[in-house]
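Listed here are the chains, written in short residue letters.
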Amino acid sequence: MAEFDQYNRWEVQIRQVQLPHWSELPKFDLYMDQVVAFVNDAIGQLGVEPITPAMINNYVKHQVIIAPVKKKYQTMQLADLLLIGLLKPLFSTETIRHGIDQVTAGDFPKQAYDNFIDVLNSALKNLGQGQPETPAKTLNEKLMQVAADTIVNRIQSEQLLRMIEKPIKPIKKVK
């Protein structure tokens, strides 16, 4: 029963997490170490794998994000890196980039980012509450809802697994 209480406390903690909207992202250009610190601070509360400078360099090299200008990253790249950091454990970078491109094709990047953050923040806030979400009206909204639910389900299942994990005895081979 103590494990369940511990899990319930974790759920309450996760419900408090609010990921930053576009207007809350830095308005000035950042160097790599500042980008890493900002992104990891924002998504780290969810237990997501930290992003590293090597990962960011790889995303630039493979054109998943736009290259920095004079080694400085702008708001658009920060937003992309936050989304990639959240979605990378679930989808390939190609799929993530394609999804971002498709969603932003019909909406300005700022509005598309804020819409996704709203959906994700709502899914986090309602974790374990069983409250129905606002139904999607477009395929873009449905894509955002499914992606947000997938992120929440992943962090929830990983937490549950960590909490119930027991040492497993190796199986002896019969000779």
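Computed from a prediction, not measured in an experiment: that's the story for all the values here.

> Would you mind going over the overall build of the protein with me for this structure?
Across its full length, the protein holds seven helices and zero strands. Overall size of the protein, expressed as C-alpha extent along the three principal axes, is 60 × 45 × 30 Å. By residue count, 38% of the 175 residues in the protein fall in the buried class. Within the protein, residue pairs in contact and separated by at least 24 positions form 73% of the contacts whose partners lie at least 6 positions apart. Summed over its atoms, the accessible surface of the protein is roughly 11,100 Å², and 58% of this surface lies on carbon and sulfur atoms. Each charge class in the protein can be summarised by its mean position, and for the 20 positive and 19 negative side chains these summaries are 8 Å apart.

> It is not clear to me how the packing of helix α2 (residues 32-44) against helix α4 (residues 75-87) should be interpreted in this structure. Could you clarify?
The relative placement of two packed helices is expressed as an angle between their axes plus a distance between the axes. Direction vectors running N to C along α2 and α4 enclose 50°, while the axes themselves pass 10 Å from each other. In this view, α2 runs oblique relative to α4, as classed from their interaxial angle. Between α2 and α4 lies a crossing whose hand is right-handed. On α4, the residues touching V35, F38, V39, A42 and I43 of α2 are L78, L81, L82, G85 and L86.

> Whenever I open this one, α2 confuses me. Can you help?
One full turn of an α-helix is made of 3.6 residues, so residues set three or four places apart face in the same direction. Between the first and last C-alpha of α2 there are 17 Å, a value that for 13 residues agrees with the 18 Å anticipated at 1.5 Å per step. Residues of α2 that are buried include every one of M32, V35, V36, V39, N40, A42 and I43, and no others. Angular distribution of buried residues about the axis of α2 spans 165°; they occupy a single face of the element. Projecting away from the buried face of α2 at angles above 90 degrees are the exposed residues D33 and D41. Buried residues in α2 make contact with α3 (53-61) and α4.

Scoring rules and cut-offs
- Residues numbered from 1 in each chain as written.
- Predicted model: local features only at pLDDT ≥ 70, side-chain atom pairs only at ≥ 80, totals over all residues.
- Heavy atoms only, no water.
- Helix = DSSP H or I, 4+ residues; strand = E, 2+ residues; numbered from the N terminus.
- Buried < 20%, exposed > 50% of the residue type's maximum accessible area, 1.4 Å probe, protein only.
- Contact = heavy atoms within 4.5 Å.
- Areas by Shrake-Rupley, 256 points an atom, 1.4 Å probe, with all protein chains shown as cover.
- Lys, Arg positive; Asp, Glu negative; His and termini not counted.
- Charge placed at Lys NZ, Arg CZ, Asp CG, Glu CD.
- Axes fitted to C-alpha atoms, helices over the stretch in contact; angles between N-to-C directions.
- Parallel < 35°, antiparallel > 145°, perpendicular 65-115°, else oblique.
- Left-handed = near helix turned anticlockwise from the far one by under 90°.
- Expected span 1.5 Å × (residues − 1).
- Arc of directions from axis to C-beta.

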